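Each chain, written out:
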Amino acid sequence: MTTESQQRTPLKPIGGMNDVLLLLQRSAAMLRITTTSLCASCQKMRLLLPPSASLTSHSKREENQRTVDSLYKLSVDIRKVRKLKGWVLSEKTTYVAETAGLLRDMGADTAVIAHILETHPEAVLCRPEDVKAQRDLWESVCSGQRALLSIIEKFPASFFTVSHHSNQRANILYLQSLRLNKKIISKLMASAPQSFSRPVESNQEVIHTLRETYLDLGGDEGNLRVWLQKLLSQNPYILLRPAETWRDSLGFLRERGFTTEELLSLVSSLRASISELQPEAMRQALAYVQDALSCSEDELKRVVIRCPAVLYYSLATLAGRFQGLMDAGASVEQVKESPNVLELTTQIVLYRIQKLASYGYDVRSGSLDVIVGTKKDFEMSYAKLNLRQQRALFNPVAPLRC
């Protein structure tokens, strides 16, 4: 009678298990080699495929081949369009030929059309009738088709925003009723199209606030249109600022003791940027300037009138520029007498001081007014100093005068 242990299959020797492990290791190595070769083959295949095939395979939607071919015929860089606004190429309905035809009718050549469509490919999604209506609307504020085409070339997104056509028309009619210059209106439409896309009531509120501000500060009604045009041309985004910000900023400065005449000068000098300033930020800037220059309230007001930019410079900018002047050898009294030197960066200040030093002029013993202003202003200043340096102190030929 056989026992249970005798009926079991005998175990294989230990050497058989080692063979199995060795076989598994060899199989894993062969699998790694096969995987590596397959990855390399896939990489080679991707390199051999054309760009359109590799890009389209990873996109969610297939490209509209008719759109791609039409843009290609217009010499448009398809790769650039794919990179910037690739979704446009996947739209089912486009008007490439119609858009190019309208631009060509306005005098655009092939290079200009290609540039516009590369910069703003969404233009091909606008219906031709909408683009024609937009062209007629913009021509009402442009001097001619050449001027309009120049605007489209620089600001294609502004022109091809056709979804708020009724608001655009209403805002144009309102600004024209104020007898504003057509050139100013067209500049506003190109630079700040958002102000024309919103309801006309919003712009009316801002213009009303500007008018009240100007008259309250002692402005003349007869000069209101000129003053308003100047602000709009210097700061096209003025209409996008809430009317309340004007009141808050002017109210803060009025509390600091600025007169109505000084406030009007500040509003004009700051190019309407005063509407972007926060009272707390201005308070911090004024506190730093007063402490750095050790000046009284009246002296601080004179500094602000001469250099309104200190109101919107950050504390870090003011501190960096003031310290740069001190490191260059300027004195606090010199900065107080020529505060608009704070409008220059430290690099520009150092460059101009070194250039004057090459002509023998020491800024530390003179005024800082010689280094302020634009590059053209400074070149005129040191040119005069150079001529003065080269001029003969005594002319032996000239007759003596008693």
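To start, this report covers the structure provided alongside it.

So, how was this worked out
- Residues numbered from 1 in each chain as written.
- Predicted model: local features only at pLDDT ≥ 70, side-chain atom pairs only at ≥ 80, totals over all residues.
- Heavy atoms only, no water.
- Helix = DSSP H or I, 4+ residues; strand = E, 2+ residues; numbered from the N terminus.
- Buried < 20%, exposed > 50% of the residue type's maximum accessible area, 1.4 Å probe, protein only.
- Contact = heavy atoms within 4.5 Å.
- Areas by Shrake-Rupley, 256 points an atom, 1.4 Å probe, with all protein chains shown as cover.
- Phe/Tyr/Trp six-rings, centres within 6.5 Å; stacked < 30°, edge-to-face > 60°.
- Lys NZ or Arg CZ within 6 Å of the ring centre and 35° of its normal.
- Axes fitted to C-alpha atoms, helices over the stretch in contact; angles between N-to-C directions.
- Parallel < 35°, antiparallel > 145°, perpendicular 65-115°, else oblique.
- Left-handed = near helix turned anticlockwise from the far one by under 90°.
- 1 Å grid on protein atoms, 1.4 Å probe; cavity = no way out; pocket = protein on both sides within 12 Å on 5 of 7 lines; lining within 4 Å.
- Points joined across faces, edges and corners; volume = space filled by probe spheres on them.
- Nonpolar A, V, L, I, M, F, W, Y, C, P; charged D, E, K, R; others polar.

### Concerning the overall build of the chain
- Helix and strand content of the chain: 23 helices and zero strands.
- In the chain, which comprises 402 residues, the proportion classed as buried is 38%.
- A separation of at least 24 residues holds for 72% of the contacts in the chain among residues at least 6 apart in sequence.
- Counting every atom, the chain has about 24200 Å² of accessible surface; 55% of that belongs to carbon and sulfur.

### What about the packing of aromatic side chains?
- Following the criterion strictly, the structure yields four aromatic pairs and no others.
- Geometrically, the ring pair formed by Phe 159 and Phe 160 is edge-to-face, given 5.0 Å between the ring centres and 90° between the ring planes. The same class applies to Phe 159 as to Phe 160, namely buried.
- Taking 5.3 Å as the distance between ring centres and 65° as the angle between the ring planes, the aromatic pair formed by Tyr 312 and Tyr 313 counts as edge-to-face.
- Note on Tyr 313: relative accessible area 17%, which makes it buried.
- An aromatic cluster is present here, built from Trp 138, Phe 159 and Phe 160 joined pairwise through their rings.
- Of note, Lys 301 hangs over the ring of Phe 258, and the distance from its end group to the ring centre comes to 5.9 Å.
- Positioned above the aromatic ring of Tyr 313 is the side chain of Arg 321, whose terminal nitrogen or guanidinium carbon lies 4.7 Å from the ring centre.

### Remarks on the packing of helix α14 (residues 200–216) against helix α15 (residues 224–234)
- Two numbers describe how α14 lies on α15: the axes approach to 11 Å, and their chain directions differ by 120°. With respect to α15, the element α14 is oriented oblique. With respect to the hand of their crossing, α14 and α15 are arranged in right-handed fashion. Counting all contacts with α14, which are made through Ile 207, Leu 210, Arg 211 and Tyr 214, the residues of α15 involved are Leu 224, Trp 227 and Leu 228.

### Looking at empty space enclosed by the protein
- For the structure shown, the criterion picks out three cavities of 30 Å³ or more.
- Within this model, the largest cavity holds a volume of roughly 50 Å³.
- Lining the largest cavity are Tyr 288, Val 289, Ala 292, Leu 293, Leu 318, Phe 322 and Leu 342.
- Of all elements in the fold, only α18 (279–293) and α20 (315–327) reach the threshold of two or more residues within the lining of the largest cavity.
- Element by element, the count of residues in the lining of the largest cavity is highest for α18, at four residues.
- When the residues that make up the lining of the largest cavity are grouped by side-chain class, the tally is seven nonpolar, no polar and no charged.

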